[in-house]
Each structure stands twice: as structure tokens, then as C-alpha cells.
Amino acid sequence: MAKAGRGIGTLAVHGGEPPVRPSRSVTEPVVFASTYPFADTAELVAFMRGETDRTPEYGRYGNPTVAAVEAKVAALEGAEAACAFASGMAAVTTTLLGFLRPGQHAVLTDDVYRKTRVFALDTLSRYGVETALVEPTAEAVAAALRPNTRLVFTELPTNPYLRVPDLDRIVSAAHEHGTKVVLDATFATPVNLRALEHGVDLVVHSSTKYLGGHNDVLGGFVCGRRGPVEAIRDLRGTLGGILDPHAAFLTLRGIKTLELRVRRQNATALAVAELLEGHRAVERVYYPVLASHPDVQVARALLEGGGGVVSFVVAGGLDGGRRFVDALAIPKLAPSLGGVESLVEQPALMSFFDLGPEGRARIGIAEGLVRLAVGIEDTADLLTDVAAALDRIA
Ligand code: PLP
């Protein structure tokens, strides 16, 4: 159950919405406007003094449809406020830039989304921010904290090995040290994890994944207490990465079915993981709530479900993986996850192609690793498809 006794399914449909809209429509109107006029100079001056509560004067600072989806995501997370961005990366980069100053230090767990790491190591370093990349465990995070550590940025479950560090212990180690914690909960979703209840300071989502849920729209969110979220919103107004109104509407519409989709994806992914574990053509399966996963105890305590992504190493290395992927009939060969269509990729040939075999070995990306992101197709059809593709390579 989420905030105010309402279930997450009810919040996904009604959360953050007014009882009656000015348009009296059941759905949120899409407001396409780049500028918002004032009735007269008196209204302008009152607005500038912060005396009126209205849509900001210019589309880079806010939009009514964007505000509607922000209210819904805040309701889902039980947050005081949320701020919407044009992509998950716009949310991540704006948040990191907002928090960190020259001379400060950030601790990132080393399997956070690759572009988040790239931004910290290649860009933040140019502005005098040092980053430590550490194993996704509470011990490693605690050991990396320094007097100037301002931020711990972590993610769970992580990609592609679906690690689930002990969030409560990370938060207490960071807070004892006076350091804030930002969690990228894209893979967890507000259905599987109530992140703010674990003391996280800010939660980030790539809504391109489960929140939008239909592989048709990019977006990102930051949620938390009003003060820090408003500071990030101000920076969004300068950096310019606000969500577009049409994208905001698609995301709102997608969220209405979030709970149904994620519960189906949890169930299907678990069934697929169990099938994979018993198959002779599979060397190793990674699914957070399976007994064989290194973080199973934390995952079962923290998460309502393991999510829609299953990673596994098939026999035969790069070629075995390629033959398996090409033999699948339902999942499409594409990056991303969390949408209604199942997607599959071989990380060695997609996100980590540029590293080459040695580079991949260095960071532990197996050549035969496959990442399957299940959609909402019939579980039985996906199981049949996966089993048939495995039989082709066994
Ligand atoms: N965070 C995670 C965990 C992701 O998987 C992704 C994208 O795959 C991002 C952030 C970036 O989101 P976007 O692609 O919407 O910029």
C-alpha cells in the first residue's frame, strides 16, 4: 500500500489529479504553448513578486500538462514534488550538476547506467568534481565516503546484472556522514520499490522505460522534498531539458496502467528466469529474486517483484548469444526495457560494443550475456518462444 492508504494502482490512475478539471474532461488536456500571457501589468508584477500561483510565463519553466504528470509521479513516489525532463539523462545530469560544486566528491556505484558514469567521469571531472566508482555494496559505499563527499548516487536493480545493494545501509552510512543519496529507481519502479520510505533524498527515473511503458516516448523525473526539487527545477529552466507537452501527455496516459504492466512483467520475468535456470544451454541466470542471485535476500526484502528484466549467459559465447537472439520470434532486438513490447539485446553487441572483448572482460560483461526485457505479451507465449530459441542453440 502506498501513501494515504491508497494502493499504487489507484494512485497510478487518480494520483495527483484534481477532482474536477477546468475543462471538465476526465483526461488531462494537452496545452501546446511556449508563452503564457498576463491579463495586465498588475498580474505580471504580482507574479514576479511570487504572489500568484499560475503557470510560469514561459514554456521552458513549466507547462500545465507537464505539471500534471509531475503531480502524478510525485503521488506515486509519495514525494512532495517532482520535476519532469526531456529524458532520463536530462534528469540525471541536471540533478548531478545541481548538487555538486568544484572540490566536492561523489560516490557512484560502478554499475549505474553507463552514460551516468560517463557524465561523472568525463564531464563533472572538468568542473573539479571527483568521482569514486565503487562496487554496489553498502560496505564499499561506506568505505569510499570522504570529508568532501556531497553525494552518493546509486541504482537498483542495476543493469545488466541486476544487483540490489542494501539501500537502508547505504542511506544510513551516507546520512551519518552528512551526505545525500540519489537513487536511480528506473528498473525498480514505484510499484516494486517505495524508495523515499527508505530515506533516499531524491529518486530519479527514466520514464522512457516503465513509467511511459509503451516504447514511444522519452522522459525523466526527479522526485523528493520540495526544496531540492525546486532548486533542480530552477536549473532545468537554465539548462533547458524540460519535458515536451505531448510527451507529458503520453507519459500520463502510460502511467495509468503502470501497476498492471509491472505486475505482469514481474510474473513473466520470474517464470522466464526459472525456465532459463533449468536449461542446458544457459550457463548463468541473473534475476534479483531468484535464490541463485547474490543479492536475493536484500532484493526479496526491498522489492515487491524482481522487475521485467532477466539477464543470462548462454552457452557458446558471442556466437551462442547471437544465435539465441536471432532465433527469438517475439522480442525485438533493440535497446531499452519496461515497455509493452518485449525487447532483447546482447550487451556485448549493443551498449558495450565499443569496448571490444578485452574491455568488456575488464568490466565483467560476458560475451554470451543476453538481456531480455519482457513486455506484457502472454507469459506462455514468451516461455514457448524462449524455450524454442534455446533449443536451437543447445
Ligand atoms: N537510468 C537508467 C537506469 C537507464 O536504464 C537509462 C536508459 O536506459 C537512463 C537512466 C537514461 O534514460 P533516457 O534514455 O531516458 O535518457
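In this text, all values refer to a predicted model and were calculated from it rather than measured experimentally.

Draft legend 1. Representation of the domain arrangement of the protein in the model. According to the domain assignment, the protein consists of domain 1 (8-30 + 62-255) and domain 2 (259-393). Contacts between the two partners involve 33 residues from domain 1, matched on the other side by 40 residues from domain 2. Carbon and sulfur atoms make up 59% of the area that domain 1 and domain 2 hide from each other, which totals about 2900 Å². Three residues, Y161, N192 and Y210, lead the burial of domain 1 against domain 2; their summed loss comes to 26% of the area buried on that side. Where domain 1 packs against domain 2, one counts two salt bridges. Here D295 makes a salt bridge to R163, at a shortest N to O gap of 2.6 Å. Applying the counting criterion to the domain 1 and domain 2 interface returns 19 residue pairs in polar contact (both at pLDDT 80 or more).

Draft legend 2. Molecular detail of the layout of surface pockets. Of the voids in this model, the largest pocket is the one considered here, and its volume is about 690 Å³. Around the largest pocket sit 27 residues that line it, and P56, A67, E70, E230 and R233 are the ones nearest its centre. Within the residue set of the lining of the largest pocket, elements represented by two or more residues are α3 (64-77), β1 (81-85) and α9 (226-239). Considering every element that reaches the lining of the largest pocket, the biggest residue donor is α3, with seven residues. Grouping the constituent residues of the lining of the largest pocket by class yields twelve nonpolar, six polar and nine charged. If you add up the space inside the second largest pocket, you get close to 550 Å³. Along the wall of the second largest pocket there are 29 residues; nearest its centre are Y113, R114, K115, N159 and K209. When residues of the lining of the second largest pocket are assigned to their parent elements, the largest contribution, four residues, is made by helix α5 (residues 114-123).

Reading guide: rules and limits
Residues numbered from 1 in each chain as written. Predicted model: local features only at pLDDT ≥ 70, side-chain atom pairs only at ≥ 80, totals over all residues. Heavy atoms only, no water. Domains from an automatic or database assignment. Contact = heavy atoms within 4.5 Å. Buried area = accessible area lost by both parts, 1.4 Å probe. Salt bridge = Lys/Arg side-chain N within 4 Å of Asp/Glu carboxyl O. Polar contact = N/O pair within 3.5 Å; in protein donor to acceptor, adjacent residues only side chain to side chain. 1 Å grid on protein atoms, 1.4 Å probe; cavity = no way out; pocket = protein on both sides within 12 Å on 5 of 7 lines; lining within 4 Å. Points joined across faces, edges and corners; volume = space filled by probe spheres on them. Helix = DSSP H or I, 4+ residues; strand = E, 2+ residues; numbered from the N terminus. Nonpolar A, V, L, I, M, F, W, Y, C, P; charged D, E, K, R; others polar.

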